[in-house]
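# Fold and geometry: a report
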Amino acid sequence: MLDNSKFKWVIATIALIAAIALFFFFTRSPKNKNDAVDEGSNPRPEVLEWIKKNYGKDHKKKVALTRLAEVNQYILTQPNEAMKLADLESVAMECYGIAFPTNEKFDDLPVYEALDAESFNTYTRARKRIAYHGKLSGHVFQMSIINSWEKQCEVPFSP
């Protein structure tokens, strides 16, 4: 059996293991490290950097992709606003059509799909995009008419 001195060592070892477990339990953040940057109405900095790096020299393309990035950010942060998002997405896609009149590709993808890949680059983000598309199931889209680039495309969707 255990004598008194061995019993004290067993108790001390168990207490040490419990203290280490509690330390890790309370210091470890259960949130995904990307959750904080998915908040807010502005596109994430790395998405804006991707747009600037690849299309920063062409103002119209940069603006059109920024509007699409804003819609993508809304999908991540406003999941219950599917119909409003559909309207914003329609305007953004029309702006995209003006800025990209040809079928331009980026890594063998249409540019807007490459932007989507950048915007929804984690499992959680991709699930939010899938949920958004699920909410639009059966919705009939109306194409927006861009009467003025300056008034409809140049102005950010978010205040």
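Look above for the structure.
Each value, and the rule that gives it
Residues numbered from 1 in each chain as written. Predicted model: local features only at pLDDT ≥ 70, side-chain atom pairs only at ≥ 80, totals over all residues. Heavy atoms only, no water. Helix = DSSP H or I, 4+ residues; strand = E, 2+ residues; numbered from the N terminus. Buried < 20%, exposed > 50% of the residue type's maximum accessible area, 1.4 Å probe, protein only. Contact = heavy atoms within 4.5 Å. Areas by Shrake-Rupley, 256 points an atom, 1.4 Å probe, with all protein chains shown as cover. 1 Å grid on protein atoms, 1.4 Å probe; cavity = no way out; pocket = protein on both sides within 12 Å on 5 of 7 lines; lining within 4 Å. Points joined across faces, edges and corners; volume = space filled by probe spheres on them. Nonpolar A, V, L, I, M, F, W, Y, C, P; charged D, E, K, R; others polar. Disulfide = S-S within 2.5 Å.

### Some words on the overall build of the protein chain
Looking only at helices and strands, the protein chain features seven helices and two strands. The burial tally for the protein chain puts 33% of its 159 residues in the buried class. Long-range contacts, defined here as pairs at least 24 residues apart, represent 77% of the contacts in the protein chain between residues at least 6 apart. Of the accessible surface of the protein chain, which amounts to about 10700 Å², a share of 59% is contributed by carbon and sulfur atoms.

### A few points about empty space enclosed by the protein
Rolling a probe over the atoms, with the probe sized like a water molecule, indicates the empty space that remains. Applying the stated criterion across every chain yields a total of one cavity of 30 Å³ or more. Here the largest cavity is characterised by a volume of approximately 40 Å³. No other element matches the four residues that helix α3 (residues 59-77) contributes to the lining of the largest cavity. Here the residues of the lining of the largest cavity are counted per class, giving four nonpolar, three polar and one charged.

### Describing the state of the cysteines
Simply put, the disulfide is a covalent bond whose two ends are the sulfur atoms of two cysteines. Counted under the stated rule, the structure contains one disulfide. Between the sulfur of Cys95 and that of Cys153 lies a disulfide, 1.9 Å long from S to S. Across the S-S bond linking Cys95 and Cys153, the dihedral sits near -90 degrees, which makes this disulfide left-handed. Linking Cys95 in helix α4 (residues 82-99) with Cys153 in the segment after α7 (149-152), this pair joins segments that are 58 residues apart in sequence. With respect to class, Cys95 is no different from Cys153; both count as buried.

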